[in-house]
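A structural walkthrough
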Amino acid sequence: MASKFTELAIDCADPNGLARFWCSVLDYEVQDEGDGIVTIGSPMAPAGKNHLGPVPPTLTFAHVPEGKTVKNRLHLDINPTDREQDEEVRRLLDLGARRADVGQGDESWVVLADPEGNEFCVLADRCR
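Starting from 1, residues in each chain are numbered consecutively following that chain's sequence as written. Note on the predicted model: pLDDT of at least 70 is required for a residue's local features to be given, and 80 or more for side-chain atom pairs to be given and counted; whole-chain, interface and lining totals, by contrast, use all residues. Processing note: side-chain calculations cover all non-hydrogen atoms of the structure and skip hydrogens and water entirely.

Examining the side chain of threonine 39
In this text, helices come from DSSP runs of H or I with a minimum length of four residues, and strands from runs of E with a minimum of two, each type numbered from the N-terminal end. Relative to the assigned elements, threonine 39 resides in strand β3 (residues 37–41). Here a polar contact is taken to be a pair of N or O atoms separated by no more than 3.5 Å, where protein atoms must pair a possible hydrogen donor with a possible acceptor and residues adjacent in sequence count only if both atoms sit in side chains. A polar atom in the side chain of threonine 39 sits 3.2 Å from the side chain of threonine 60. Setting aside residues no more than four positions away along its own chain, threonine 39 makes contact with Glu29, Val30, Gln31, Asp32, Thr58, Leu59 and Thr60. Contact criterion: two residues are considered in contact whenever any of their non-hydrogen atoms come within 4.5 Å of each other.

Here it is in C-alpha cells:
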C-alpha cells in the first residue's frame, strides 16, 4: 500500500481565525484545537486518517512567530460545488479573502489570498 494524503499543515499567526475562514470556505468543522494548533476537516469523514482508503484531507493551522514573506510554493485549488466561479469568488471576498497577483496573467482560474496572505486558486467550470 502507498501512503495517502491526510492533512496539510499551515503555519500562521492566528490559527483560530484562519481555521474559521477555511471552515467557511470548505464547509469543514473544527476537529481539534489546543496549544496554538487548530485542525479542521470534513464532517463527512470525521475518522480522517484512521479510515482505510481516500479521505478529504484535514488542514492543521499552527501558530508561528514569523510572518509570510514570499509567494507560496504550495497552494490549494478549490472548486465551487454549487455555484459558478464568479459567485464563489464574491462569497470568498466577503469572507475575508482578497485578490492576489502572482504573475498568473489571463487564466481561467482566479487567484485569491486568505486573511494571512496565503494564495489559493478558485478554478472555473467545475461546478458539480
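Observations concerning helix α1 (residues 15–26)
Given a helix with a known number of residues, its expected span is that number minus one, times 1.5 Å. Its 12 residues place the ends of α1 16 Å apart at the C-alpha level, agreeing with the 16 Å of an ideal helix rising 1.5 Å per residue. Think of it in three bands: with a 1.4 Å probe and only protein chains considered, a residue is buried below 20% of the maximum accessible area for its type, exposed above 50%, and partly exposed in between. Among all positions in α1, only Pro15, Gly17, Leu18, Ala19, Phe21, Trp22, Cys23 and Val25 are buried.

Observations regarding unusual backbone geometry
Trans peptide bonds make up the majority, and among non-glycine residues the majority have a negative phi. Of note in the backbone geometry, aspartate 27 takes a positive phi value of approximately 60° without being a glycine. Mapped onto the secondary structure, aspartate 27 falls in the loop between α1 and β2 (29–34).

Structural notes on the pairing of strand β4 (residues 58–63)
With respect to burial, β4 is a largely interior element, 5 of its 6 residues being buried. Should DSSP find at least two bridges between two strands, the strands are taken to pair. Pairing of strand β1 (residues 7–12) with β4, which is carried by 6 bridges, proceeds in the parallel orientation. Across the sheet, alanine 9 pairs through a bridge with threonine 60, a residue of β4. Alignment of β3 against β4, held across 4 bridges, turns out to be antiparallel. Bridge pairing links isoleucine 40 to leucine 59 in β4.

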